[in-house]
Amino acid sequence: MLELGMTFSMEQFVIDNDIIGMIKKSMEGIPVSGETLAVEAIKKVGAGNNFLGHKTSRQNIDLPSNPRLFDRRMYGDWESAGSKDTMAAAHEKVVDVMKNHVVKPIDSDILKDMWAIVKKADKEHGRQL
């Protein structure tokens, strides 16, 4: 806690952003239908059996949250793809953003309004720019 304002992790920002995105996605609601509930798949596989490996379950896995960073592959598939953990994936994203992200300029009208607010606040508090 002593260094809270002095240090941070860009990778943690990326992870937090993914978690926030998943929460926002789930807040939109989860579609409920015969297809999303995989009713036909459950009937085909049979009660009491494992339908999680069925193609419908795999197709619907991202409906509730749709992560961009977290890897939901089966362990064997994840392992054969290099076993990249979440921190490594987040680091790759940080490197990509730092290298490729282009900041869109603020519209001049908005920027003008922002400066007016700053000048007003400075005037009210006896400061000048």
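Considering the arrangement of structural elements, one finds Ser57 in helix H3 (residues 55-60). In this view, Ser57 contacts Phe51 and Leu52; residues no more than four positions away in its chain are not counted.

Attention now goes to helix H6 (residues 108-124). If you check H6, its first and last C-alpha atoms are 24 Å apart, about what 17 residues at 1.5 Å a residue would give, namely 24 Å. Here H6 lies mainly on the outside; one of its 17 residues are buried. Looking at the residues trailing H6, positive phi occurs at Gly126, about 75 degrees.

Below, the discussion takes up a nonpolar patch on the surface. On the surface, a nonpolar cluster with roughly 520 Å² of combined accessible area is contributed by Ile106, Ile110, Leu111, Met114, Trp115 and Val118. Within the fold, Val118 resides in helix H6.

Position of Phe51 relative to the elements: it lies in the loop between helix H2 (39-45) and H3. Among the residues examined, Phe51 registers a relative accessible area of 29% and is labelled partly exposed. Between the C-alpha atoms of Phe51 and Asp113, which are 62 residues apart in sequence, the distance is 57 Å. Those residues in contact with Phe51 that lie beyond four places of it in its chain are Ile42, Val45 and Ser57.

Among the nonpolar cores identified, the biggest contains six residues, and these are Val14, Ile15, Leu69, Ala89, Ala90 and Val94. Of all the secondary-structure elements, those providing two or more residues to this core are helix H1 (10-27) and helix H5 (86-100). Of the residues forming this core, the biggest block, three residues, is contributed by H5. Not counting chain neighbours up to four residues away, the residues in contact with Leu69 comprise Val14, Ile15, Asp18, Thr86, Ala89 and Ala90.

Reading the values: rules and limits
- Each chain carries its own residue numbering, running from 1 in the direction its sequence is written.
- Since the coordinates come from a predicted model, pLDDT governs what is reported: local features require at least 70, and pairs of side-chain atoms require 80 or more to be given and counted, while whole-chain, interface and lining totals use all residues.
- The basis for the side-chain values is all heavy atoms of the structure; hydrogens and waters are excluded.
- Runs of H or I in DSSP of at least four residues are treated as helices and runs of E of at least two as strands, each being numbered from the N terminus.
- We call two residues in contact when some of their heavy atoms are within 4.5 Å.
- The length a helix should cover is 1.5 Å for every residue beyond the first.
- Partly exposed residues are those whose accessible area sits between 20% and 50% of the maximum for their type, while under 20% is buried and over 50% is exposed, using a 1.4 Å probe and protein chains only.
- Patch membership is restricted to residues that have no salt bridge and whose relative accessible area is over 30%. Joining uses 9 Å for like charges and 5 Å for the nonpolar side chains Val, Leu, Ile, Met, Phe, Trp and Tyr.
- What sets the accessible areas is the Shrake-Rupley method with a 1.4 Å probe; for residues, cover comes only from the shown protein chains.
- Put simply, a salt bridge is a Lys or Arg side-chain nitrogen that is within 4 Å of an Asp or Glu carboxyl oxygen.
- By convention a nonpolar core is built from buried Ala, Val, Leu, Ile, Met, Phe, Trp, Tyr and Cys residues, the set being connected through side-chain atoms within 4.5 Å.

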